[in-house]
Amino acid sequence: MQKIGLIGLGNAGRPMAERILSAGFSLTVYDIDAAAVDGVVKLGAQRAISAAQAVGDITITLVPSSVEVRSAVFGPDGAFEALQPGMALVDLSGTDPDCARELQERLQEKRATFIGGTIHASGAPAVVIPKGQFAIVIGGAKSQVEPVAGFLNQVAQTIVCLPEPWMPKAFKIAIILYSTTNNIITAEICAWLTAQGAD
């Protein structure tokens, strides 16, 4: 069975670790917060003392932003040092498309696969992710996605594939922008109607 690494045990990372373990995979975890690692080790995960040590056949990064991803991958004792040909890095973090393009380009140096992705769930991550009630949108060439898809299909309820690693990041940002804009417009309309005397 594939060995899985998970870097990041925050709001989404901890529930993801629970989900991966419940699916029966061997999991090694790393987080800058040692207490967060302790909590997941008690559930059956293996402890890594650096991002590099957490690298497995498939390694997931699940941290807040591009800043933390670059630190975890390219920083001292980062995942990049340990990646070997044929391994895959799946970034489900809140990264931007440019970061995804950079990761794709740099991982080619290692002949490793980069898959960009995003998590989509209705409900609190701590509740829905451990139950597998979420979708993952991933991006990458078909030949690169297929070796990872088997694992992801056992973890998530739905997998949606796009042709380029940066695309899931761009689409999620677009959805957030649309939702935010729509909410602002709705609020302005309601305020105008109220000003007109509508209840």
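What you see is a predicted model; the values in this text were computed from it and never measured. Residue positions within a chain follow its written sequence, with the count starting from 1. Since the coordinates come from a predicted model, pLDDT governs what is reported: local features require at least 70, and pairs of side-chain atoms require 80 or more to be given and counted, while whole-chain, interface and lining totals use all residues. The basis for every side-chain value is the complete set of non-hydrogen atoms in the structure, without hydrogens or water.

**Q** What's the story with the packing of aromatic side chains in this structure? I'm lost.
**A** A ring pair, where both rings are aromatic, is described by two values, the distance of the centres and the angle of the planes. Only Phe, Tyr and Trp rings are paired, with Trp represented by its six-membered ring, and only when their centres lie within 6.5 Å; those with planes under 30 degrees apart are stacked, over 60 edge-to-face, the remainder tilted. Evaluated as defined, the whole model comprises 2 aromatic pairs. Considering the side-chain rings of Phe 25 and Phe 151, the 4.9 Å spacing of their centres and the 90 degrees angle between planes classify their relative orientation as edge-to-face. With Phe 25 in the loop between α1 (13–22) and β2 (26–30) and Phe 151 in helix α8 (residues 142–155), the pair connects residues that are 126 residues apart, well separated along the chain. The burial state of Phe 25 is the same as that of Phe 151; both residues are buried. Secondary structure counts use DSSP, requiring at least four H or I residues in a row for a helix and at least two E residues in a row for a strand, with both numbered from the N terminus. Think of it in three bands: with a 1.4 Å probe and only protein chains considered, a residue is buried below 20% of the maximum accessible area for its type, exposed above 50%, and partly exposed in between.

**Q** Would you mind going over the environment of Gln 108 with me for this structure?
**A** By secondary structure assignment, the location of Gln 108 is in helix α6 (residues 97–109). Along the primary structure Gln 108 and Pro 85 are separated by 23 residues, whereas in three dimensions their C-alpha atoms are 9.1 Å apart.

**Q** Is there a simple way to explain α8 in this structure?
**A** One turn of an α-helix holds 3.6 residues; hence residues three or four places apart share an orientation. Working rule for helices: expected span equals 1.5 Å times residues minus one. For α8, which comprises 14 residues, the first-to-last C-alpha distance of 19 Å matches the rise-based estimate of 20 Å (1.5 Å per residue) to within 8%. Within α8, the axis deviates most sharply at Ala 149, by approximately 45 degrees. Every buried residue belonging to α8 is among Val 145, Val 148, Ala 149, Phe 151, Leu 152 and Val 155, and all of these are buried. Two axes are fitted around each residue, one to the seven residues ending there and one to the seven starting there, and the angle between them is reported as the bend at that residue.

**Q** Just checking my understanding: could you explain the pattern of salt bridges for this structure?
**A** It is possible for side chains bearing opposite charge to pair when their charged atoms get close. A pairing counts as a salt bridge when a side-chain nitrogen of Lys or Arg comes within 4 Å of a carboxyl oxygen of Asp or Glu. Across all of its chains, the model carries 6 salt bridges by this definition. Taking the shortest distance from any N to any O, the salt bridge between Arg 14 and Glu 18 comes out at 2.9 Å. With Arg 14 and Glu 18 both in helix α1 and 4 residues apart, this pair spans about one turn of that helix. We classify Arg 14 as partly exposed; its relative accessible area is 30%. Overall, the relative accessible area of 28% leaves Glu 18 in the partly exposed class. With its nearest N and O atoms 2.7 Å apart, the salt bridge here joins Arg 47 to Asp 38. Among the residues examined, Arg 47 registers a relative accessible area of 41% and is labelled partly exposed. A relative accessible area of 30% places Asp 38 in the partly exposed class.

**Q** Help me understand the packing of α1 against α8, please; the structure alone is not making it clear to me.
**A** Lines fitted to the C-alpha atoms define the axes, with helices restricted to the stretch that makes contact. Angles between their N-to-C directions range from 0 to 180 degrees. At a minimum axis separation of 9 Å, α1 and α8 run at an interaxial angle of 100 degrees. As summarised for this structure, α1 and α8 are arranged roughly perpendicular, according to the angle between their axes. From α1, Met 16, Arg 19 and Ile 20 reach across to α8, where they touch Phe 151, Gln 154 and Val 155. For the contact of α1 with α8, a count of residues per class yields 4 nonpolar, 1 polar and 1 charged. Oblique is the label for any angle not under 35 degrees, not over 145, and not in the 65 to 115 range, which are roughly parallel, roughly antiparallel and roughly perpendicular in turn. Any pair of residues with heavy atoms lying within 4.5 Å of one another is described as a contacting pair. The classification used treats Ala, Val, Leu, Ile, Met, Phe, Trp, Tyr, Cys and Pro as nonpolar, Asp, Glu, Lys and Arg as charged, and all other residues, Gly among them, as polar.

**Q** Mind showing me how you'd approach unusual backbone geometry here?
**A** Negative phi characterises most residues that are not glycine, and trans characterises most peptide bonds. Positive phi is not limited to glycine here, since Asp 77 has a value of about 55 degrees. Following the sequence through the fold, Asp 77 ends up in the loop between α4 (66–74) and α5 (79–82). The partly exposed category is assigned to Asp 77, whose relative accessible area is 46%. Positive phi, close to 55 degrees, is recorded for Arg 111, a residue that is not glycine. The class of Arg 111 is exposed, set by a relative accessible area of 65%.

**Q** So what exactly am I meant to see when it comes to the pairing of strand β4 (residues 58–61) here?
**A** The side chains of a regular strand alternate between the sheet's two faces. Side chains Ile 58 and Ile 60 project from β4 onto one buried face, and the interleaved Thr 59 and Thr 61 project onto a second face that is buried too. When DSSP locates at least two bridges between a pair of strands, those strands are taken to pair. Judged from the 4 bridges that link them, strand β1 (residues 3–7) and β4 form a sheet pairing that is parallel. Looking at the pairing, Ile 4 lines up with Ile 58 of β4. Note that β4 and strand β5 (residues 88–91) share 4 bridges and pair parallel. Within β5, the residue paired with Thr 61 across the bridge is Asp 91.

**Q** Please clarify how the sheet that holds strand β6 (residues 113–120) should be interpreted in this entry.
**A** The sheet built from 8 strands is open, its strands ordered β3-β2-β1-β4-β5-β6-β7-β8 with mixed pairing. Sheet topology places β3 (46–47) and β8 (158–162) at the edges, where each strand pairs with a single neighbour. As paired elements, strand β7 (residues 135–139) and β8 share 5 bridges and run parallel to each other. Across the sheet, residue Ile 136 finds its bridge partner in β8, namely Ile 159. Those strands touched by α1 are β1, β2, β4 and β6, and its axis lies near 170 degrees from that of β1.

Function cannot be read off these values alone, since they describe shape.
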